[in-house]
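# Report on the structure
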Amino acid sequence: MIFSLPFLTKPDVISLPQNDKDPEERRKEVEDNRELYQWTHDAIADASMIAGLPKPENPQFGWIEEIVKILLRVTANSIALRVDKFQEDGAALTREVFSAISSFATSIISRLLSGSFDRDAAKESVEELEQIVSMSIEGEGSSLNEYKEMFQVYKPDMVATLDQFLRDDIFGWYRVAGPNPMRITKLDKPVKELFPELTDQILRGIRAFGGDSIVEMEKEGRLFYVDYPEFKGVTAGVLPDGTKKEGYHIYSPTCLLAVPKNLNDRTTVLPIAIRCDQDKSYSMYTPNLNHTDEITWIAAKQTVQVADGVIHEAAYHLGRTHLLIEVFNGGAHRSLAPNHPIMKLLENHFYGTCLINTAAVDALINPGGTIDKITAPQIEVTKQVAASSVNSPSFSFNEWMPDKELASRGLIGADQLKFPYRDYALRLWDIINEWVTAYLGAYYKNDTDVQNDTELAAWCKEVVDADKGNLHGFGDNDSGKIKTLAYLIRVVSMIIFTASVQHAAVNFTQSTLMQFTPAMPLVGLQPAPNTEKPFNSLDDWVTKMLPTLEQAKLQMDTAELIGVLQYTTLGEYGRSLSFVSDEVELALKNFQEQLSIVGGDIQRGNAVERLAGLPPYTQLVPKNIPQSINI
C-alpha cells in the first residue's frame, strides 16, 4: 500500500490472536510492522514518538486537497494585505503563489504515487511558499485597528470584530468554552490564602457582585480559580528575525473567578481578582474601578491570557492530545495484527497523527520555527513542557480520563458553573464508552478473553516501557497491564475520546478565539504589571504590551492553517467496519444517532449564548469533530 486508507484494506477476518486460524501469517505481519515503526526520544527530547514517517502514515489525497485549499486562503489573505498596505502587484503575486502551491501539491502527490514520501522535499516546498506568503510588518501596533486590518480574506471571530475580548464575561467564557478549558478549578481553600487583600468592600464595588460577600461565595461554592506557577522564572525565546527575545515576557499569574449570586442561563463566570505573578508582593488588581483603573485591569487579564495560551499549546494541545495518541499508535502498530479488532477500530482514530506530529517537529516547534517566533518561552522549554505533560510520572493516564480529571478539579456537580466543555465532553465520553462496550463485546466475552490476548499484553508493554511509550498511571490499578474487559473498554474509549473530542476541544478554537492576537496573545512585551497605572490609554497598552504586528500576522496565519481543517467525522467509519457483525453495525448506528442528538442540543444552547453576546460553542458539535488528530 502506498497510503493508508482503512476502507481499501483487504476485508480480513477480524479475530483475537487466540482464535486466528493462521497464527504464523499474523505473527509475520506484526514483525513487519515492528520494523516500520521504531521508537525515538530525540525528535522532542524525552517524548516518545515514532521515528521518521512509516509508509502507512503517508497522507491521503483527500487530506492533501483540503490542505491546499487552506494554503490558498492563507496566501489570498497575504496577497490582499500586501496589495492594501504596500500597493504591490496583486496579479503577479497571485501567479507566483499559485505556481508555488501547484509545485507543492504536485511534488507530494508524485512522491506518494512512487511509493515514498520525501520529508525534506516537502519541507522545502513549504519553505518556498512561506517566503512568498511572508511579509515584513515592522514595529508594534498603535491601535487595535491595525490588528483588525490583517483580516482581509479571513472571517474574524466576533471577539475581533466588536472588541468583545475586552469584556469580563468574554474573559470568563475563555476559561470554560475557550481553547483551554483544562485549567479552571473549583476553589477548595479560603480566599484569603490566594488574595488576603480582597475584602467585601472591594467585591461589592464590582458590577454583578454588589450585594454579595466572600463568605457567601465560599459557602455556596461559587468561587473558581486559574493558576500558572510553572511559568515563574521561565526564559524568553527568540524574535522572528532570530535574535534573542530580550524584553519578551511570559507570566505566572493567579486569577480568582466567581459566579454571580443571581445567576441565570445566560450567566458565565467572571474574574474578580488577578495577581500577575506568584510573588504575593505583587499588586492585586480587580474590576472595581475605584480599586484598579480600566486599562490596568485589561493588562492584568492579558497576563492570564498569555499564560493560558502558552500552556494550552504546549501541554494540553501538543502534549496531551498529539503526543499521547502517538504513544498508543506506535505501540499498537508494533503489537497488534492488522486484523485485531482493536486495531481495526483504532486505525480510523490514529490516521494522520504520526504525519502531523512529524510535520510539527519539522516546521512548527523547530528552533526558530513558528512556535518559537510567536510564543514567549524558549522553544526547548515549550518542548520540555509538552514532553513532561505526557511522558513523566507527574502524568497519570488513568487520572486523565475525563470523568476523573474533571472530578479532580471539583467540577463534577458544580452546577453553579456554566461549563460547555464539561457538559458536552462528558456526554460524548459516555456515548463513546457505550459504542466501545458494544464493539469490544462482540470479540471479548469476559475477562479471560482479555487476559489470553497476547497481542494486547504486548501492546501494554510497549506503552509503559520506559524506553518505548513511557506512559505512567496505565493499567488496571496502575499495574501497566489490562486485566479486565471493563478497563479495556475505558482505555479504548479514552483513545477515541482523545483523538476526536479532546483534540477538537483544544484545537479548533485556534481559528476563532485565538486568531485575533490581541484577544489571546502568546507573549507580552512588558513585565507583569505591578504598579498603580502602568499605561496611559488603551492605545498605550496596545503599543507597549501586545505582540508586534509581525508576530500577530504569524499567529493569525498559523491559527488558520492548524485550526480549520476538519478531515473525517467522528462516528463515520465508511467501509472500514462494513464486514463486522450485525450487532456491531446496530451499535454503530445508535452511536451516530446519539452524536446527532448532542449536536442538536449544543446548537440550541448556542441560541442562549448569542442572546448573552457570547461566542457560540461549536468545537464539540459532533459533525465538526474529526475521527483523528490529522492537523
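Note that the structure is predicted; figures quoted are calculated from it, not measured.

## Observations regarding the pairing of strand 6 (residues 270-275)
Within strand 6, 6 of the 6 residues are buried, which leaves it mostly tucked inside the rest of the structure. Bridge count between strand 5 (residues 254-258) and strand 6: 5 bridges; the pairing is antiparallel. Note that in strand 6 the partner of L256 across the bridge is A273.

## Regarding the packing of aromatic side chains
As enumerated under the stated definition, the model contains 18 aromatic pairs in all. Centre to centre, the rings of Y439 and Y443 are 5.5 Å apart; their planes meet at 55°, and the pair counts as tilted. Y439 sits in the buried class, given a relative accessible area of 0%. On the numbers, 6.1 Å between centres and 70° between planes, the contact of F474 with Y487 is edge-to-face. Placement of F474 in the loop between helix 20 (454-464) and helix 21 (485-507) and of Y487 in helix 21 is noted, with a sequence separation of 13 residues between them.

## Describing the sheet that holds strand 4 (residues 223-227)
Ordered in space as 3-4-5-6-7, the 5 strands form an open sheet in which the pairing is antiparallel. Each edge of the open sheet is held by one strand with a lone partner, namely strand 3 (185-186) and strand 7 (284-285). Running over the sheet, helix 7 (residues 168-177) touches strand 4, strand 5 and strand 6 and is turned about 85° from strand 6. Running at roughly 85° to strand 6, helix 11 (residues 294-335) makes contact with strand 4, strand 5, strand 6 and strand 7 of the sheet.

## Remarks on the packing of helix 7 against helix 11
The angle between the axes and the distance between the axes are what describe a pair of packed helices. Relative to each other, helix 7 and helix 11 sit at 15°, their axes nearing to 12 Å. Looking at the two axes, helix 7 sits roughly parallel to helix 11. Taken as a pair, helix 7 and helix 11 cross one another with a handedness that is left-handed. Mapping the contact onto sequence places D168, F171, Y174 and R175 in helix 7 and W297, K301, V304, Q305 and D308 in helix 11. Residues of the contact of helix 7 with helix 11, tallied by class, amount to 4 nonpolar, 1 polar and 4 charged.

## A short note on helix 23 (residues 549-563)
Compared with the 21 Å implied by 1.5 Å per residue over 15 residues, the 20 Å span of helix 23 between its first and last C-alpha is a close match. Extensive coverage of helix 23 is indicated by the burial of 12 of its 15 residues. Listed in full, the buried residues belonging to helix 23 are L549, Q551, A552, K553, Q555, M556, D557, T558, A559, E560, I562 and G563.

## Topic: the nonpolar core
The biggest cluster of nonpolar side chains holds 169 residues, and the ones touching the most others in it are F328, F397, W435, W541 and L620. Not counting the four nearest positions on each side in its chain, F328 is found in contact with F350, F397, W459, V463, L471, F474, V491 and I495. Counting 19 residues, the second largest nonpolar core, distinct from the first, contains I202, F209, I214 and L256.

## Some words on unusual backbone geometry
Although it is not a glycine, D46 sits at a positive phi angle of roughly 75°. By secondary structure assignment, the location of D46 is in the loop between strand 1 (39-40) and strand 2 (49-50). A positive phi is found at N477, a non-glycine position, where the angle reads about 55°. One can find N477 in the loop between helix 20 and helix 21. By relative accessible area, N477 is classed as exposed at 79%.

## Observations regarding the pairing of strand 4
Of all the 5 residues making up strand 4, 5 are buried; the element is thus mostly covered by neighbouring parts of the structure. Side chains L223, Y225 and D227 project from strand 4 onto one buried face, and the interleaved F224 and V226 project onto a second face that is buried too. In terms of strand pairing, strand 3 meets strand 4 through 2 bridges, oriented antiparallel. Counterpart to T185 in the pairing with strand 4 is Y225. When strand 4 meets strand 5, the two strands line up antiparallel, connected through 5 bridges. Opposite L223, over in strand 5, you have A258 as the bridge partner.

## A few points about the pattern of salt bridges
Tallied over the full model, the rule gives 31 salt bridges. The salt bridge partner of K553 is D557, with a shortest N-O separation of 2.5 Å. Taken together, the residues K553 and D557, both in helix 23 and 4 residues apart, mark about one turn of the helix. Within this structure, R34, R334, E462 and K468 form a network of salt bridges that share partners.

## Here's the deal with the environment of Q201
Residue position: Q201 is located in helix 9 (residues 200-203). Along the sequence, Q201 and S213 sit 12 residues apart, while their C-alpha atoms lie 8.7 Å from each other.

## A closer look at the confidence of the model for the protein
With 86% of its residues at a pLDDT of 70 or more, the protein shows a mean pLDDT of 88. When the criterion is pLDDT under 50, residues 1-11 qualifies, and its contacts beyond four places in sequence or with other chains add up to 25 contacts.

## Quick notes on the side chain of D212
Mapping D212 onto the fold places it in the loop between helix 9 and helix 10 (214-220). Here D212 falls in the buried class, since its relative accessible area comes to 1%. A polar atom in the side chain of D212 sits 2.9 Å from the side chain of R222. Non-local contacts of D212, meaning those with residues more than four positions away in its chain, are made with L203, R204, M217, R222 and K261.

What counts and how
- Residues numbered from 1 in each chain as written.
- Predicted model: local features only at pLDDT ≥ 70, side-chain atom pairs only at ≥ 80, totals over all residues.
- Heavy atoms only, no water.
- Buried < 20%, exposed > 50% of the residue type's maximum accessible area, 1.4 Å probe, protein only.
- Helix = DSSP H or I, 4+ residues; strand = E, 2+ residues; numbered from the N terminus.
- Pairing = 2+ DSSP bridges.
- Phe/Tyr/Trp six-rings, centres within 6.5 Å; stacked < 30°, edge-to-face > 60°.
- Contact = heavy atoms within 4.5 Å.
- Axes fitted to C-alpha atoms, helices over the stretch in contact; angles between N-to-C directions.
- Parallel < 35°, antiparallel > 145°, perpendicular 65-115°, else oblique.
- Left-handed = near helix turned anticlockwise from the far one by under 90°.
- Nonpolar A, V, L, I, M, F, W, Y, C, P; charged D, E, K, R; others polar.
- Expected span 1.5 Å × (residues − 1).
- Core = buried A, V, L, I, M, F, W, Y, C linked by side-chain atoms within 4.5 Å.
- Salt bridge = Lys/Arg side-chain N within 4 Å of Asp/Glu carboxyl O.
- pLDDT = per-residue confidence, 0-100.
- Polar contact = N/O pair within 3.5 Å; in protein donor to acceptor, adjacent residues only side chain to side chain.

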